[in-house]
Amino acid sequence: MGLFGGRKTVFVDADILVIGGGMAGCGATYESRYWGRDLKIVCVEKANIERSGAVAQGLYAINCYMGMQWGENQPEDHVRYARNDLMGLVREDLGYDIARHVDSSVHMFEEWGLPIMKDPKTGRYQREGKWQIMIHGESYKPIVAEAARKAATEVYNRIMVTHLLMDKTKANRVAGAVGFNVRTGDFYVFRAKAVIVGAGGASHIFKPRSVGEGMGRTWYAPWSSGSAYALPIQVGAKMTQMENRIVLTRFKDGYGPVGAYFLHLKTYTQNGNGEEYESKWYDHTKELVGDYIDHHPVPTCLRNHAFIEEVKAGRGPIRMVTKEAFQDPHKETVGWENFLGMTIGQAVVWASQNIDPKHINPELTTSEPYVMGSHATCSGAWASGPEDYAPAEYQWGYNRMMTVDGLFGAGDTIGGTAHKFSSGSFTEGRIAAKAAVRYVSDMGKGQPQVSEQEYQDLERLIFQPMENYRVGRNEITAGTVSPSYLLPIHGLQRLEKIMDEYVGGTSTNYMTNDQMLNRGLELLTMLREDMKRMGAEDLHQLQRTWELHHRLLASESVTHHTLFREETRWPGYYYRGDHMKLDDQNWHCFTLSRYDRNTGNWEMEKAPVYHIID
Ligand SMILES: Cc1cc2nc3c(=O)[nH]c(=O)nc-3n(C[C@H](O)[C@H](O)[C@H](O)COP(=O)(O)OP(=O)(O)OC[C@H]3O[C@@H](n4cnc5c(N)ncnc54)[C@H](O)[C@@H]3O)c2cc1C
């Protein structure tokens, strides 16, 4: 029996369980200890928090810093900025809450040893843009992880969390989580009074532009498997804005970031004929979205839109004009270093394709869509807002608590609040943790109870793919195609193809419509049926299987939301061909969904957008 025979069940009790030790999870772990001195705080992570999450490789800039100490920006300014970029739809209460606290997080990072560049003339942090400050960020994640490690009672690395557990004594209350150790195969049961999910967004739900052996190269971290969405969805938490997927304009083939190039190096783009093209699409875009095109800065999706249309019109490729800026040796150094701290792969791609940006203007492209709640889009869970600021309709409990009692979230997990980035995600983790500590102390003795039956059933379910493989493998003599099981890579590619072709991926130029979405849902349902047949050769493949389960659930959510919103709110992110125009009269609202795991149904509804800041 080997691996199966040796499997242990490990029980861990916690007051607060933090799932995912990325930026939000580290913030949550750190702050839980600050407010809950005597509490048992456990952080569980599928990789190792030292280098996990989207920030694992390091960053070159912290993208959310107000600079209130120097009067540079106020929290209200950031809310206005995010609202404008999201075409009017953000949770202003949540955004304001992060913005008013984010500077203090950044100051802590500096205290903990993160080198932040300074403007030699003013002594202030070196700005890359209005909201960004520049850092020597190769060790950003280890620095933040160290603070979390010291704060946690225990950190469990290499545990893939697959499901949340619900309280058997009280409906709609969370009681913990289960998962397995990806190295030993041990089964873990975490029993907790409160759970904070910080499990990152979703890459690889749409087919990537990179193919073959390069398939793992995506903009968003390939290990971001949508657990932040799937875990709450499975237990009936409401989600919001899941249709609001993000498409990035990036350097071609390496997905290298362009922010520092535009903002700091002052480079600009041109079409294949060497012409400026964005302004040509002004009238066309105005037709679709009205006055939003006149807003400053131009919303990110609309800039993508001009790019996509120009390429469709046959005037690609779009290039970044670097030849001028790179004549300045300082700028040339900054240009390269920008990749070395964050996306080394882009420098390697340029080297391998004979691109020296001093002599050749490199190509840009628009990426496949991703789902995330902390970058320039705001997919995620519907959360209660801050007591002192949120409108009554946005408050049903503790700050950042989802619609499931005791279940909190932060970072990519929480919807409605774009542009939090690394610092804002960490800050939101802190906010959620403070509220979770209060939730636990208010709970008194009536703590949640885990059902033995529930976790035993889940154990069987979780390890079933290994059994499927063990038995089914005997039916074939060679190769990977079996009549009895499907490997995770097969399932992943099928998912990506469905999402790409029916839900607005690159192969349709981000276009979809009612019929395509409904057909996509049919195919996703068939994939779901086949998920029972997954075969996992080893623990690594078992992890891939559960990541696929999470990606699939996140994808279903995206598809239902996209179908529900009958307008094109964000041209450049996706298009509803049957509703090509932005429709403020009917759709200036949030979309909410709730999945019922007993029936498999998705309920959709609208929620109002309150503009708190003028
Ligand atoms: C390519 C890219 C570039 C970026 N550039 C910048 C930048 O320049 N500046 C900036 O400020 N921000 C930047 N960001 C944004 C920033 O990285 C994110 O906002 C931030 O990391 C989100 O924090 P999070 O905790 O929600 O997710 P993450 O930091 O990604 O953490 C999620 C964690 O959950 C773990 N996890 C996932 N699933 C499970 C599971 N099932 N069980 C257990 N653990 C799990 C993951 O391993 C990971 O450690 C960038 C993001 C990306 C993707």
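Not measured: the values here are computed from a predicted model.

Definitions and cut-offs
- Counting restarts for each chain: residues are numbered from 1 in the order of the written sequence.
- At least 70 in pLDDT is required for a residue's local features to be given in this predicted model, at least 80 for side-chain atom pairs to be given and counted, and no such filter applies to totals for whole chains, interfaces and linings, which use all residues.
- Heavy atoms from the whole structure form the basis of all side-chain values; hydrogens and water molecules are not counted.
- Each helix is a run of H or I in the DSSP string that is no shorter than four residues. Each strand is a run of E no shorter than two, and both are numbered from the N terminus.
- Atoms considered for the radius of gyration are the C-alpha atoms alone. The globule rule reads 2.2 Å times the number of residues to the power 0.38.
- A 1.4 Å probe rolled over the protein chains alone gives each residue an accessible area, and that area as a share of the maximum for its type sets the label: buried under 20%, exposed over 50%, partly exposed in between.
- Contacts: residue pairs with any heavy atoms within 4.5 Å of one another.
- Using the Shrake-Rupley algorithm and a 1.4 Å probe, accessible areas are obtained, with residue cover drawn only from the displayed protein chains.
- Between N-to-C directions, angles cover 0 to 180 degrees, with each direction set by a line fitted to C-alpha atoms, over the stretch in contact for helices.
- Oblique is the label for any angle not under 35 degrees, not over 145, and not in the 65 to 115 range, which are roughly parallel, roughly antiparallel and roughly perpendicular in turn.
- The sense of a crossing depends on the near helix, which, turned anticlockwise from the far helix by less than a right angle, makes the crossing left-handed and, turned clockwise, makes it right-handed.
- Three classes are used: nonpolar for Ala, Val, Leu, Ile, Met, Phe, Trp, Tyr, Cys and Pro, charged for Asp, Glu, Lys and Arg, and polar for all others, with Gly counted as polar.
- Here the aromatic set is Phe, Tyr and Trp, taking the six-membered ring for Trp, and pairing holds for ring centres within 6.5 Å; pairs whose planes are under 30 degrees apart are stacked, those over 60 apart are edge-to-face, and all others are tilted.
- We call a charge positioned above a ring when the Lys NZ or Arg CZ atom is no farther than 6 Å from the ring centre and deviates by at most 35 degrees from the ring normal.
- Put simply, buried Ala, Val, Leu, Ile, Met, Phe, Trp, Tyr and Cys residues joined by side-chain atoms within 4.5 Å make one nonpolar core.

Asker: Account for the overall build of the protein chain, naming residues and giving values.
Answerer: In terms of regular secondary structure, the protein chain is built from 16 helices and 19 strands. Its C-alpha atoms give the protein chain a radius of gyration of 23 Å, near enough to 25 Å, the size a compact globule of 614 residues would have. With 614 residues in all, the protein chain has 61% of them scored as buried. Contacts spanning at least 24 positions in sequence make up 75% of the contacts within the protein chain whose residues lie at least 6 apart. Within the structure as shown, the protein chain displays about 22,900 Å² of accessible surface, and the carbon and sulfur contribution to it stands at 50%.

Asker: Give me the packing of helix 2 (residues 75-85) against helix 3 (residues 92-111): which residues, what numbers.
Answerer: Running from amino to carboxyl end, helix 2 crosses helix 3 at an angle of 135°, the nearest separation of the two axes being 8 Å. Between helix 2 and helix 3, the angle is such that the two are oblique. The chirality of how helix 2 crosses helix 3 is right-handed. On helix 3, the residues touching P75, E76, H78, V79 and R83 of helix 2 are E92, G95, Y96, A99 and R100. Of the residues that constitute the contact of helix 2 with helix 3, the class distribution is four nonpolar, two polar and four charged.

Asker: If you had to explain the packing of aromatic side chains to someone new, which residues and values would you point to?
Answerer: One pair of aromatic rings is described through two measures. These are the centre distance and the angle between the planes. Per the counting criterion, the structure on display carries 37 aromatic pairs. Centroid distance Y469 to Y485: 5.1 Å. Interplanar angle 40°. Geometry classified as tilted. With a gap of 16 residues between them, Y469 in helix 12 (residues 452-472) and Y485 in the loop between helix 12 and helix 13 (488-502) connect regions that are remote in the sequence. Residues Y469 and Y485 agree in their burial class; the two are buried. Taken together, the ring pairs in this structure connect F251, Y261, F326, W336, F339 and W350 into an aromatic cluster. The ring of F463 carries the charged tip of R7 above its face, separated from the ring centre by 3.7 Å. The lysine or arginine in question, R303, covers the ring of F262, its NZ or CZ lying 5.4 Å from the ring centre.

Asker: So what about the nonpolar core? Which residues, and what values?
Answerer: Residues L17, I19, L164, F190, V195, Y229 and L407 are the most contacted members of the largest nonpolar core, which totals 97 residues. Counting residues per element, this core draws most heavily on helix 15 (residues 539-564), which supplies six residues.

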